[in-house]
Amino acid sequence: MTDQKPFVDIRHAKKSYGTLEVLKDINLQVQKGQIVAIIGPSGSGKSTLLRAINDLDPLTGGEVWLEDKQINKKLPHRQYEAHINQVRQEIGMVFQHFNLFPHLRVRENVTLAPKMLKGITDAEADKLAEEQLDKVGMLERIDHYPSQLSGGQKQRVAIARALAMNPKVMLFDEATSALDPELVEEVNLVMKKLAEEHMTMIIVTHEMSFAESVCDRVLFMDQGVVVEEGPPEVIFRNPTSDRTKEFLRKHLAGQHP
Ligand SMILES: Nc1ncnc2c1ncn2[C@@H]1O[C@H](COP(=O)(O)OP(=O)(O)OP(=O)(O)O)[C@@H](O)[C@H]1O
């Protein structure tokens, strides 16, 4: 345990769709520089929890904090818009399906938001695009359109785009699930590099070996609750809950001796 104040702090998160309780009183504290994986069966609430962090899926109860700022503050509409736009600049998000703008080249996909929201010049935007695309190994594709890229390349551009806003935390929602198996590793390598640079990351994933090798902590969710959490060596090698064991038995079949 640490006395350090959490960087991301989710307190008593609840979410319902009608009578369906998707998140049932979830608490999650993430320290600066930590890499947390959220694993669990389909429908357990992983994406809902992740999307609550930047209020894309607003909670029906509970609070989300980033440093000393409450993200899901109840505010009058105009004030809320200004508040959430500011907050979302600090939280990078990478989706399963890339969400690149098809009519924009890679360069403009990366610089659109910083140009609009931070008012940077064209020269600064070019420099930013080059820096970020170099980081993800996509510099030579800077003037290509998304349709000219593989899925793995698109996802690397999507990561560069998120990084271009200089976020404090990065959220990954099954970033490799839509990729052909041979393209997964190139995206994982970019995420590993970010981890080595101590980027704070919260990662929803179905890739157990990635979670085990990269993350500091793993949360196992089932039916809207955190069943078990801990360091990967404990969760993957010595879980205590039967639900975790059963889930891992299915997902780790063949991976561990
Ligand atoms: N907009 C919505 N309206 C109604 N129910 C929803 C909505 N979004 C999600 N749900 C339900 O909430 C539950 C949790 O969904 P969520 O996508 O968070 O699960 P998940 O663990 O991320 O699953 P997966 O691994 O399949 O992506 C599911 O039962 C889902 O059907």
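Residues numbered from 1 in each chain as written. Predicted model: local features only at pLDDT ≥ 70, side-chain atom pairs only at ≥ 80, totals over all residues. Heavy atoms only, no water.

Rules: UniProt positions are given in the numbering used here, feature names are shortened, and annotations may be inferred rather than shown by experiment.
In the nomenclature of an unreviewed UniProt entry, the protein chain corresponds to Polar amino acid transport system ATP-binding protein from the organism Sulfitobacter undariae. Database annotation for the protein chain, UniProt heading Sequence similarities (unreviewed entry): "Belongs to the ABC transporter superfamily." The Subcellular location (unreviewed entry) field of the UniProt record for the protein chain holds the comment "Cell membrane".

**Considering the overall build of the protein chain**
Note the cut-off: Working definition: helices are DSSP H or I runs of at least four residues, strands are E runs of at least two. Numbering for both runs from the N terminus. Both definitions apply: the radius of gyration is a C-alpha atom measure, and the globule rule equals 2.2 Å times residues to the power 0.38. Using a 1.4 Å probe on the protein chains alone, a residue whose accessible area is under 20% of its type maximum counts as buried, one over 50% counts as exposed, and one in between counts as partly exposed. Using the Shrake-Rupley algorithm and a 1.4 Å probe, accessible areas are obtained, with residue cover drawn only from the displayed protein chains. Positive charges come from Lys and Arg alone, negative charges from Asp and Glu alone, with His and the N- and C-terminal ends not counted. A charged residue contributes its charge at one atom only: NZ of Lys, CZ of Arg, CG of Asp or CD of Glu.
Across its full length, the protein chain carries nine helices and ten strands. Taken over C-alpha atoms, the radius of gyration comes to 18 Å for the protein chain, in line with the 18 Å a tight globule of 257 residues would show. In terms of overall dimensions, the protein chain has C-alpha extents of about 55 × 50 × 35 Å along its principal axes. Taking all 257 residues of the protein chain together, 51% fall into the buried category. With an accessible surface of roughly 12,500 Å², the protein chain has 50% of that area assigned to carbon and sulfur atoms. Distance between charge centres in the protein chain, computed from 32 positive and 37 negative side chains, equals 4 Å.

**Thoughts on the UniProt feature "domain: ABC transporter" (unreviewed entry) in the protein chain**
Under the feature "domain: ABC transporter" (unreviewed entry), the UniProt entry names residues 8-248. Counting secondary structure, residues 8-248 comes out at 40% helix and 25% strand; the distance between its end C-alpha atoms is 27 Å.

**Things to note about the site of the ligand**
Which entries qualify depends on this criterion: The nearness test applies per residue and asks whether one of its heavy atoms lies within 4 Å of the molecule or strand. Polar contact is defined as a pair of N or O atoms within 3.5 Å, subject to the rule that within protein one atom must be able to donate a hydrogen and the other to accept it, and that residues adjacent in sequence are counted only when both atoms are side-chain atoms.
Around the ligand, the surrounding shell holds 13 residues, and the nearest of these are Ser42, Gly43, Lys46, Ser47 and Thr48. Take serine 47: an N or O atom from its main chain is 2.9 Å from an oxygen atom of the ligand. At a separation of 2.5 Å, an oxygen atom of the ligand approaches a polar side-chain atom of threonine 48. Taken by itself the ligand offers 630 Å² of open surface, and the protein chains cover 59% of this. Those elements giving two or more residues to the shell around the ligand turn out to be strand E2 (20-30) and helix H1 (46-53).

**Quick word on the sheet that holds strand E1 (residues 8-17)**
Convention followed: Note on pairing: two strands pair once DSSP finds at least 2 bridges between them.
Pairing is antiparallel in the open sheet, where four strands are placed in the order E2-E1-E4-E5. In this open sheet, the two edge strands, each paired with only one partner strand, are E2 and strand E5 (69-70). Of the strand pairs in this sheet, strand E4 (residues 61-66) and E5 are connected by two bridges, and their pairing is antiparallel. Residue pairing across strands places tryptophan 65 opposite glutamine 70, the latter belonging to E5.

**With respect to the packing of helix H4 (residues 122-135) against helix H5 (residues 151-163)**
Formally: Only the stretch in contact is used when fitting a helix axis, every axis being a line fitted to C-alpha atoms; angles between N-to-C directions are given from 0 to 180 degrees. Orientation categories follow fixed angle ranges, with anything under 35 degrees roughly parallel, anything over 145 roughly antiparallel, 65 to 115 roughly perpendicular, and all other angles oblique. Note on convention: the crossing is left-handed when the near helix lies turned anticlockwise from the far helix by less than a right angle, right-handed when the turn is clockwise. Note on definitions: a residue-residue contact is assigned when non-hydrogen atoms from the two residues lie within 4.5 Å.
Relative to each other, H4 and H5 sit at 130 degrees, their axes nearing to 9 Å. One finds that H4 runs oblique with respect to H5. As for the relative orientation of H4 and H5, their crossing is right-handed in sense. On H5, the residues touching Gln132, Leu133 and Lys135 of H4 are Val157, Ala160 and Leu163.

**What to know about the nonpolar core**
What counts here: Residues belong to one nonpolar core when they are buried, are Ala, Val, Leu, Ile, Met, Phe, Trp, Tyr or Cys, and are joined through side-chain atoms within 4.5 Å.
Leu133, Ile159, Met170, Phe172 and Met201 are the most contacted members of the largest nonpolar core, which totals 50 residues. If you look at the next biggest cluster of nonpolar residues, it comprises 30 residues, including Val8, Leu59, Val169 and Leu171.

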